[in-house]
2 protein chains.
Amino acid sequence: MRVLITGGNGFIGRRLAAALLRSGTVTVDGAGRQPIERMTLFDSVGGAGYPQDERVELVTGDITDRGAVERVAAQADLVWHLAAVVSAAAEADFDLGYRVNVDGTRTLLEALRGTGRRPRVVFASSFAVYGGDMPPAVGDEFHPVPQSSYGAQKAIGELLTADYSRKGFVDGRSLRLPTIVVRPGKPNKAASSFASSIIREPLAGQEVVCPVGQDTAIYILSPRRVTEALLRAMQLPESAWGVNRTLPLPGITTTAAAMVEALARVAGAAVADRIRWQPDPAIQRIVETWPVGAEARRARMLGFTDDGTFDAILLAHIEDELGGTLPGRAQP
Amino acid sequence: MRVLITGGNGFIGRRLAAALLRSGTVTVDGAGRQPIERMTLFDSVGGAGYPQDERVELVTGDITDRGAVERVAAQADLVWHLAAVVSAAAEADFDLGYRVNVDGTRTLLEALRGTGRRPRVVFASSFAVYGGDMPPAVGDEFHPVPQSSYGAQKAIGELLTADYSRKGFVDGRSLRLPTIVVRPGKPNKAASSFASSIIREPLAGQEVVCPVGQDTAIYILSPRRVTEALLRAMQLPESAWGVNRTLPLPGITTTAAAMVEALARVAGAAVADRIRWQPDPAIQRIVETWPVGAEARRARMLGFTDDGTFDAILLAHIEDELGGTLPGRAQP
């Protein structure tokens, strides 16, 4: 199997690539267990943090550059489409968001259609497709009413992925991802960036500003579970999808305050005291348009799981990103 | 007020234009009752069947031709965007459907954004956005899972209209229209074309083939009610829309058999006998993916209405298109 991951040099792309390389195989219905022969990470950003492996090649380029996308798509059997302009950036630059998140997705789907081989595609969508009046937990059949350009662009990407699949051009599956927490690295321009920062920075001994109120509820999933979900979505037989190619994923609902309480419990009050609460109305407004929970019945039936508790997410972060230990403390 | 109607030389466009010219004014919140000063009908098709009036100008052009669209959009205050490739045509020519129904809508919205005057836009969407597993009557919050490219393209158009509105580029409103029955004129490439043909052609003394089974249920609205709805959607104050710019309209649920029974009742058994039942699996398949009913609670609260009965639709057709009389019969 030849794998293409767009946004492959991003945080989730690298984790997904590493998981695929570790496993060495993927299971595809009709073809059984297949080895990963080649893996192309396509990204707008270079840098050597991606898995160094002879099967892996990093190609830098623009997802709207048709020629470049056609070249990386030409041989791909399995495609994870993660490349995107994130939420606050897409809100700040309307044209850039549409260019990358809509035109880029269409360019990729057209390139895959052009192969004539009906590649399998997993599209990373988002709970940002929801907005407006919502129940506490959105059901699988609840309508998306996006309140950010990012959400609208992801909803359009889902529709394109589904229609290209229905026409037999690709075998596509879209996952609506909860906010991913805890992301490692630097804060980014996602409005949800705070949800990782308020854990990550204090653990690294740094002060951090939380731009949303303590009661702000969010719906989250850990990097581990997201990676598992991306792998599962690709390996589910096509028959599991039927006419609906879009799946809201399970997550857990928590609040900024509950996350910080867990941080204090696990890492100590001094660590949690590194957070300053200083609401930013622009961020608060975007975050409040997102759903705070979902039923995700169909996803659970298909074997997708959440993290159970925020403590589990926090401990997984410490294990995966901090080597399992906390500075100045015994192992948690 | 300067009016632009895309698809303005089509059947609904002409009816809408005629209704606007008859009224002579539109009511716009903040500005009260305003005269119609100019009206541009933009259409890919020429022909003189549109209302002849000194306020009206027909401009033929392609909705994806940015220059042409910018020219007709430059002065527009009120825009009805009706131009579209219809369902069976969009299914037969994937690229044409995306070019006109998606790229064309975006070209128009970009041109309107470019005016900097925030024009008001009514976008004609469709119940074809729904598909897959559905309840007998879809609720206002039921998710669209399109099972045709036309439906996917209309759903994308709704998302674009809503996002351009949220960003303050236009003041947009999308109406999900039921199947419009009875359309005058010739059969077209809409999969729903039969629903008008089985009434129109027998009344004109012609034999007609019905390509769907007698039990096939459809959700319909008359040209009169659609025209009223397009006018109402434009004249509702912006506050009536809130964060959700998309509205499924009320209609009535009927079946092919019930329509033909009504035809026999009103026009006589000999007229109804002009229908031959000869199912076309391709048409049947598309039609069966559409919802057969909707709750449309929000639309009813906002004053949108259905026709009540199919007899009312039939009698309105005879009145509007056949001068109120049936060949060889007394007035119905």
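Given the structure is predicted, the values throughout are model-derived calculations rather than measurements. (Residues numbered from 1 in each chain as written. Chains lettered and ligands numbered in written order. Predicted model: local features only at pLDDT ≥ 70, side-chain atom pairs only at ≥ 80, totals over all residues.)

Participant: Account for the environment of Tyr-219 of chain A, naming residues and giving values.
Facilitator: Within the secondary structure, Tyr-219 of chain A sits in strand S11 (residues 217–221). On a C-alpha basis, the gap between Tyr-219 of chain A and Ala-294 of chain A in space is 8.1 Å, while along the polypeptide they are 75 residues apart. (Helix = DSSP H or I, 4+ residues; strand = E, 2+ residues; numbered from the N terminus.)

Participant: I'd love a proper account of the interface of chain B and chain A, names of residues and values included.
Facilitator: Interface size is commonly expressed as the accessible area that is lost once the parts come together. The partner chain A presents 21 residues to the 21 residues of chain B that form the contact. When residues in the side of chain B that touches chain A are grouped by element, the largest group, eight residues, is from helix H5 (residues 149–166) of chain B. Taken together, the residues that form the side of chain B that touches chain A break down as eleven nonpolar, six polar and four charged. (Contact = placed C-beta atoms within 7 Å. Nonpolar A, V, L, I, M, F, W, Y, C, P; charged D, E, K, R; others polar.)

Participant: Any chance you could break down the relation of the copies chain B and chain A for me, citing the residues and the numbers?
Facilitator: Rotating chain B by 180° and moving it 0.0 Å along the rotation axis overlays it on chain A with an RMSD of 0.0 Å. Taken together, the rotation and translation describe the operation of a two-fold axis. No C-alpha of chain B lies nearer the rotation axis than that of His-143 of chain B, which sits 1.9 Å from it. Interface overlap between copies is the fraction of interface residues in one copy that are interface residues in the other; for chain B against chain A it reaches 100%, indicating a shared surface. (Least-squares fit on C-alpha atoms with pLDDT ≥ 70 in both.)

Participant: Just give me the short version of the sheet that holds S11 of chain A, but keep the residues and values in it.
Facilitator: Residue and element names in this part refer to chain A. A sheet is described by the order of its strands in space; here three strands give the open sequence S9-S11-S13, paired in mixed fashion. Taken across any chain shown, the strands that pair with only one partner, and hence form the sheet edges, are strand S9 (179–180) and strand S13 (252–255). Note that S11 and S13 share four bridges and pair antiparallel. Paired with Ile-220 across the strands is Ile-252, a residue of S13. (Pairing = 2+ DSSP bridges.)

Participant: Which residues make up the pairing of strand S7 (residues 120–126) of chain A, and what values go with them?
Facilitator: Residue and element names in this part refer to chain A. Counting buried positions along S7 gives seven out of seven residues, so the element sits mostly inside the fold. Residues Arg-120, Val-122, Ala-124 and Ser-126 of S7 are buried on one face, and the alternating residues Val-121, Phe-123 and Ser-125, pointing to the opposite face, are buried as well. Across four bridges, strand S6 (residues 78–81) lies against S7 in parallel orientation. Within S7, the position partnered with Val-79 by the bridge is Val-121. Bridge count between S7 and strand S8 (residues 171–177): seven bridges; the pairing is parallel. Residue pairing across strands places Ser-125 opposite Arg-176, the latter belonging to S8. (Buried ≥ 20, exposed ≤ 12 C-beta atoms within 10 Å, placed from the backbone.)

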